[in-house]
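# Working through the structure, step by step
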Amino acid sequence: MLQVTQSPQNPVLVQKSFTVLGIASTVYAGQRLSILVDGLYASTGPQVEADGTWQVAFLFQSPGNRRMRFSVGGESTEIVVPVVTTPVLYLNFTQIPARLPALESAAIEGSAVNYADGTQLLLRADGLYELARPVVSGETWRATIGFNQKGIRTIEILSLDGRNRDQRRLEVTDPRPRPPRVGFSDPPQQLKAEQTTTLGGPAADYPDGAQLVLRADQQFELARPTVQNQQWQANTGFRSPGNRLIEIIGSEQDRAQTVIEVVPNTAAFQIQSRSSWTTTVTPSSLPTLFPQRITVHHTALSSAPSSSASADQDEARMRVIWNGHVFGNGWVDIGYHFIIMPSGRVFAARDERKRGAHDVINDGLGVAFDGIYSSATINQRQFEAAVSLCTLLCKRYGITNTVNLVATATADFGTRNLPRILGHRDRVATECPGSPGGATVRLNDIRVAVNNLL
Ligand SMILES: [Zn+2]
């Protein structure tokens, strides 16, 4: 047995020493190999070690494909060493996977034979896309690559002057499915509209403080919960009934979904009590009211709370209105009996058992939308609140029809045929509640809807 175990794979330079390693049978231990170059030039080779290994450093004076034949004890083996006069630069891949799942990265390596340290190379895909600019170190280069989409890619390493290159085919496969790291823990399947619930779940491997996004129906952001101890939690609720697709999102690739059915909230319509916003009371000395009708107003005050105002904000607004009526107008109390905020909350104002101060005649209940509705219109929640409130009041005070016209006293001591739910301006010369016919406060829609519920 006589074998070469290592010899130059790449061309070597003339005058430059290279090493050949080999192994021989241990029966030749101590003997010297002979080397015959190109079948012509014989020289004495290295000695076989006790373990059979041998090695020799060699150099050539002239270029060409030089044959080296090693012999010992009648056995021989031959190699060809390409010898060149000028350095041949070339690039190749030594490590690159044949397949790579999308969204994952792979380290790739290659050699840059005879390139100086620090030389910049170009790694690109499909002849177009630059992936990296690896720098040569010790005649090798390395880079990390990754792709977002599956497909066949041609990966190319080339010198910046484009003279040397090598390429490999890489198949980018479908991304490997990864179990989501975010999720829901025991989410409710059903929830009432306007009811608040706490959602939460795992956020495995997320650091404390990482922000997630809780989203509904792929468009509405509900909350941005913060991860704590690899868990997240958020309070949320929904105004309208229907199936909601709820997503907790850590990143494009990490999300979980659940569906919550929001069912109508059948809870009875609620009026926020007077004590919710004030400790004052309506003076008991005021005359008793026997309500004949409902007069609809707007407060005509600017800076009404927004439709998303909190209960606190709405309550503070009630105190603003009270101050205006008491200290501004010099009245004993708010003139109206009820005020409907843009949030849809309905607040008890003046005691409904006492005559109001809202339409000169004051033989009915005064219901006001907070804000100025000369051109703006009430929102759906205000509308629904007005319908619920007026329905409740009509039932409470025996008003059985809100659309038929009945003879009604007006402020000019005359009489007009008007329905039981009417606008301030129907009886008094005023803009209130905003526009002719009460269009901006949907007066006719309210009286028709209420009439249907009576
Ligand atoms: Zn009015």
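All values reported here derive from a predicted model rather than from experimental measurement. (Residues numbered from 1 in each chain as written. Predicted model: local features only at pLDDT ≥ 70, side-chain atom pairs only at ≥ 80, totals over all residues.)

## Structural notes on the overall build of the protein chain
The helix and strand tally for the protein chain stands at three helices and 30 strands. Counting only C-alpha atoms and orienting by the principal axes, one finds that the protein chain spans roughly 140 × 45 × 40 Å. Expressed as a percentage of its 454 residues, the buried residues of the protein chain come to 30%. Taking the contacts inside the protein chain whose residues are at least 6 apart along the sequence as the reference set, 60% of them involve residues at least 24 apart. (Helix = DSSP H or I, 4+ residues; strand = E, 2+ residues; numbered from the N terminus. Buried ≥ 20, exposed ≤ 12 C-beta atoms within 10 Å, placed from the backbone. Contact = placed C-beta atoms within 7 Å.)

## Concerning the packing of helix α2 (residues 380-396) against helix α3 (residues 443-453)
Direction vectors running N to C along α2 and α3 enclose 50°, while the axes themselves pass 9 Å from each other. Here α3 runs oblique to α2, going by the angle between their axes. Where α2 crosses over α3, the handedness of that crossing is right-handed. Taken together, the residues of α3 that come into contact with α2 (itself represented by F383, A386, V387, C390, T391 and C394) are D445, I446, A449, V450 and L453. Residues that form the contact of α2 with α3 fall into these classes: nine nonpolar, one polar and one charged. (Axes fitted to C-alpha atoms, helices over the stretch in contact; angles between N-to-C directions. Parallel < 35°, antiparallel > 145°, perpendicular 65-115°, else oblique. Left-handed = near helix turned anticlockwise from the far one by under 90°. Nonpolar A, V, L, I, M, F, W, Y, C, P; charged D, E, K, R; others polar.)

## Remarks on the domain arrangement of the protein chain
On domain assignment, one finds that the protein chain holds domain 1 (2-84), domain 2 (90-173), domain 3 (190-263) and domain 4 (274-453). Inter-centroid distance (C-alpha atoms) of domain 2 to domain 4 is 76 Å. (Domains from an automatic or database assignment.)

## Here we look at the sheet that holds strand β17 (residues 190-192)
Spatially, β17-β23-β22-β19-β20 is the arrangement adopted by the five strands of the open sheet, whose pairing is mixed. On the outer flanks of this sheet lie β17 and β20 (220-223), each paired with one strand and no other. Direction aside, neighbouring strands of the sheet carry axes that sit 35° apart on average. Where strand β19 (residues 213-216) and strand β22 (residues 242-251) come together, four bridges link them in antiparallel fashion. Across the sheet, R215 pairs through a bridge with E247, a residue of β22. (Pairing = 2+ DSSP bridges.)

## A word on the pairing of strand β24 (residues 294-298)
Of all five residues in β24, five are buried; the element is thus mostly enclosed. Residue alternation in β24 divides its side chains into two sets, I294, V296 and H298 and T295 and H297, and both sets are buried. With five bridges connecting them, β24 and strand β27 (residues 365-369) associate as parallel partners. Of the residues in β27, the one forming a bridge with V296 is V367.

## Here we look at α3
Among all positions in α3, only L443, I446, R447, V450 and N451 are buried. What you see down the axis of α3 is that its buried residues fit within an arc of 125°, all on one side. (Arc of directions from axis to C-beta.)

## Brief notes about the nonpolar core
Membership of the largest hydrophobic core comes to 36 residues, with the highest contact counts inside it found for F338, I339, I340, F347, V367, L389 and C390. Counting residues per element, the ones that place at least two in this core are β24, α1 (311-328), β25 (338-340), β26 (346-348), β27, α2, β30 (421-423) and α3. No other element matches α2, which puts seven residues into this core. When neighbours within four sequence positions are excluded, F338 is seen to be in contact with V346, F347, A348, A349, V367 and L389. (Core = buried A, V, L, I, M, F, W, Y, C linked by C-beta atoms within 7 Å.)

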